[in-house]
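# Per-entry structural report
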Amino acid sequence: KTVLPGLIDAHFHMNYPDFSDKPPLLNEAICAYRSVPYLYNHLMAGITTLFDAGGYHNTTIMAKKAFNEGYITGSRPVVCGERINGTGGHGVSRFDMAVEADGADQFRKAVREQLYAGADIVKILPPYSKAELEAAIEETHLHQKRVAVHSGIYNKQYQFVRWAAELDADIIMHAYALPDDVIEQMGSKGIYSVPTMTIMMKNQLRDRFVPDNSELHEYEIIFRKLKDAGVKMAVGTDALYEFMKENPGLYFLEVERFVKNGYTPMEAIEAATRIGAEALGIDRMLGTIERGKTADLIVVDGDPLRDISELRNVVMVIQNGKTVRNY
């Protein structure tokens, strides 16, 4: 058996609608119901903490409140509340899953509203102007919180992500739409990456996974460039739509893909624990097994340093010092 810190999913969406849902079916009630089993299933797999990178209205903030008050059992939510983007942006392209803002003042106000509501991290989606992003990052940092930025849309419009690196975003999500100059900046500035390779390697989120014995995918090539540049990378899934039902399996596929693309098993475990905690700004209490930290521990049947796939064999989960699974 092997004892490890509780695992961390640094990019998840606990209440994303099913791809077949119609917008009128999206409401706070179904999102709350949808969140509970996903949080529970993550916890039973040893993922004791997750970052919800954008939910519907205030439902993820309320899920965090419900967790803290003991109403639900599940992975500990770290949340951004609603994402922020320019009108018509990435977060509202199919469902109303973001705050629309235009101009630096509106972006600044949107940041304040999310933080006041209880967000732990602010997440910004394109499109935005440089002035809008600068206002959002400045306001967030004034509140001593962290900023995560979606790496890009619009056929790899690199200017968005260049501004994110230039303006010192804390995390840049996804290993795509990252030109070499941005990767170098991320390494030199200590900007974290959550590459989410596994989900992004599905063609338009619909096709089969690229087999492990295939040629390198574009996202794996970018991942290797990030590694070579010394960028710290955390494990996250970004499971959406019907693929949410494949979790927590997607999480372990992502950890294994880290190893396939050059990480040692120990480095991959660190990405799933310590680096995830650092990226989310919770490393003072989580991510490693040390005196004085929160007792989030898992026991694995086997040795994942010998075979990273044995990380899947979780037989005991301890969260906040309480045994929540033991078999």
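For clarity, every value in this text was computed on a predicted model and none was experimentally measured.

### Brief notes about the overall build of the protein
Per the secondary structure count, the protein includes 11 helices and 13 strands. In terms of overall size, the protein behaves like a compact globule, its C-alpha atoms giving a radius of gyration of 18 Å where 327 residues would be expected to give roughly 20 Å. Its C-alpha atoms give the protein principal-axis dimensions of roughly 55 × 45 × 40 Å. Across the 327 residues of the protein, 57% fall into the buried class. Partitioning the intrachain contacts of the protein with sequence separation of at least 6 by distance along the chain shows that 70% fall at a separation of at least 24. Carbon and sulfur atoms form 50% of the exposed surface of the protein, whose accessible area is close to 13700 Å². Here the protein contributes 36 positively and 44 negatively charged side chains, and the mean placements of these two sets differ by 3 Å.

### Some remarks on the sheet that holds strand S13 (residues 322–326)
Across the sheet, four strands lie side by side as S1-S11-S12-S13; this open sheet has antiparallel pairing. The open sheet has two free edges, formed respectively by strand S1 (2–5) and S13, since each of these has just one partner strand. Averaged over all pairs of adjacent strands, the angle between their axes in this sheet comes to 20°, without regard to strand direction. Two elements, S1 and strand S11 (residues 297–300), share four bridges in a ladder whose sense is antiparallel. Residue pairing across strands places Leu4 opposite Ile298, the latter belonging to S11.

### So, the sheet that holds strand S2 (residues 7–12)
If you trace the three strands from one edge of the open sheet to the other, you get S2-S3-S4, paired in parallel fashion. In this open sheet, the two edge strands, each paired with only one partner strand, are S2 and strand S4 (76–79). Across the sheet, the axes of successive neighbouring strands diverge by a mean angle of 20°, strand direction being ignored. In the sheet, strand S3 (residues 47–52) pairs with S4 via four bridges, with the strands oriented parallel. Bridge pairing links Thr49 to Arg76 in S4. On top of the sheet, helix H1 (residues 28–44) reaches S2, S3 and S4; it is set at about 140° to S3, its chief contact.

### Some thoughts on the side chain of Thr59
Structurally, Thr59 can be placed in helix H2 (residues 59–68). Owing to a relative accessible area of 7%, Thr59 belongs among the buried residues under this scheme. Once residues within four sequence positions are removed from consideration, Thr59 is found in contact with Asn15, Glu28 and Cys31.

### A closer look at unusual backbone geometry
With an omega of 5°, the peptide bond between Pro126 and Pro127 qualifies as cis. The backbone of Asp168 sits at a positive phi, close to 70°, despite the residue not being glycine. Note that Asp168 resides in the loop between helix H5 (158–166) and strand S9 (171–173). One non-glycine residue, Asn320, adopts positive backbone phi at about 55°. With respect to the helices, strands and loops of the structure, Asn320 is situated in the loop between strand S12 (314–319) and S13.

Each value, and the rule that gives it
Residues numbered from 1 in each chain as written. Predicted model: local features only at pLDDT ≥ 70, side-chain atom pairs only at ≥ 80, totals over all residues. Heavy atoms only, no water. Helix = DSSP H or I, 4+ residues; strand = E, 2+ residues; numbered from the N terminus. Rg over C-alpha atoms; globule rule 2.2 N^0.38 Å. Buried < 20%, exposed > 50% of the residue type's maximum accessible area, 1.4 Å probe, protein only. Contact = heavy atoms within 4.5 Å. Areas by Shrake-Rupley, 256 points an atom, 1.4 Å probe, with all protein chains shown as cover. Lys, Arg positive; Asp, Glu negative; His and termini not counted. Charge placed at Lys NZ, Arg CZ, Asp CG, Glu CD. Pairing = 2+ DSSP bridges. Axes fitted to C-alpha atoms, helices over the stretch in contact; angles between N-to-C directions.

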